[in-house]
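Breakdown of the fold
Here is how the chains run, residue by residue.
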Amino acid sequence: KPRHLVIHHVPFYEGEEYFTLQNLLSSYVPYKIQNRSQFLATLSRLGYELIDSWTIARTCHIPFHPDCFVAAYHGFYLRLRNPTQPVPGYRVASQAEVNESAPAIAASRLPGGVN
């Protein structure tokens, strides 16, 4: 896991998560609007602590859905609380396991995969 996370210029708000499309005139771009508190709680469960946060003066209006209005975009700096502590549900592979699986992983990346 990375020891530091910098997340910048992302639309968050305090309502239910949803997906929408932004019209860029020549194309449409999907947006996932997330709940800020839930997003930060998930990162906390993964072992990160919020060090700093900021807002960016940009809004997001969803036509016909005023309850989905995003008042600002956000940025965050998070740091891994204990980089040597394993994450629950994950384990570090032993060197023997890495050595054993390396040829299969390398072969799977060749055109056509593993025979």
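Residues numbered from 1 in each chain as written. Predicted model: local features only at pLDDT ≥ 70, side-chain atom pairs only at ≥ 80, totals over all residues. Heavy atoms only, no water.

This part takes up the environment of L46. With respect to the helices and strands, the residue L46 is situated in the loop between α1 (36–45) and β4 (48–56). Each C-alpha atom of the pair L46 and L80 lies 8.5 Å from the other, and the pair is 34 residues apart in sequence. (Helix = DSSP H or I, 4+ residues; strand = E, 2+ residues; numbered from the N terminus.)

The subject of this paragraph is the pattern of salt bridges. Throughout the structure, instances matching the rule amount to two salt bridges. With a closest N to O distance of 3.9 Å, E17 and K32 form a salt bridge. Residue E17 is found in the loop between β1 (4–13) and β2 (18–23), and its partner K32 is found in strand β3 (residues 28–35); the two are separated by 15 residues along the sequence. Here R79 ties to E49 by a salt bridge, and the two come within 3.7 Å at their closest N and O atoms. Residue R79 is found in strand β5 (residues 73–80), and its partner E49 is found in strand β4; the two are separated by 30 residues along the sequence. The exposure class of E49 is partly exposed, given its relative accessible area of 30%. (Salt bridge = Lys/Arg side-chain N within 4 Å of Asp/Glu carboxyl O. Buried < 20%, exposed > 50% of the residue type's maximum accessible area, 1.4 Å probe, protein only.)

Before going further, it helps to examine the sheet that holds β4. Spatially, β2-β3-β1-β5-β4 is the arrangement adopted by the five strands of the open sheet, whose pairing is mixed. Edge positions in the sheet fall to β2 and β4, since each has one partner strand and no second. Taking the axes of each pair of neighbouring strands and ignoring which way they run, one obtains an average angle of 40 degrees across the sheet. With eight bridges joining them, β4 and β5 adopt antiparallel strand pairing. By the bridge assignment, Y48 is partnered in β5 with L80. (Pairing = 2+ DSSP bridges. Axes fitted to C-alpha atoms, helices over the stretch in contact; angles between N-to-C directions.)

Checked against the element boundaries, N35 lands in strand β3. Only 3.1 Å separates the side chain of N35 from the backbone oxygen of E14, close enough to count as a polar contact. A distance of 2.9 Å separates a polar side-chain atom of N35 from the backbone oxygen of G15. Once residues lying within four places of it in the same chain are set aside, the contact partners of N35 are F12, Y13, E14 and G15. (Polar contact = N/O pair within 3.5 Å; in protein donor to acceptor, adjacent residues only side chain to side chain. Contact = heavy atoms within 4.5 Å.)

With that settled, the discussion passes to the packing of aromatic side chains. Taken as a whole and assessed by the stated rule, the structure comprises four aromatic pairs. Here the aromatic rings of F12 and F39 are separated by 4.7 Å at their centres, their planes lie at 40 degrees, and the arrangement is tilted. One end of the pair, F12, is in strand β1; the other, F39, is in helix α1, and 27 residues separate them in sequence. Across the pair, F39 and F12 agree in class, each one buried. In textbook terms, an aromatic cluster arises when at least three aromatic residues are bridged by ring pairs, as seen for F12, F39 and F76. (Phe/Tyr/Trp six-rings, centres within 6.5 Å; stacked < 30°, edge-to-face > 60°.)

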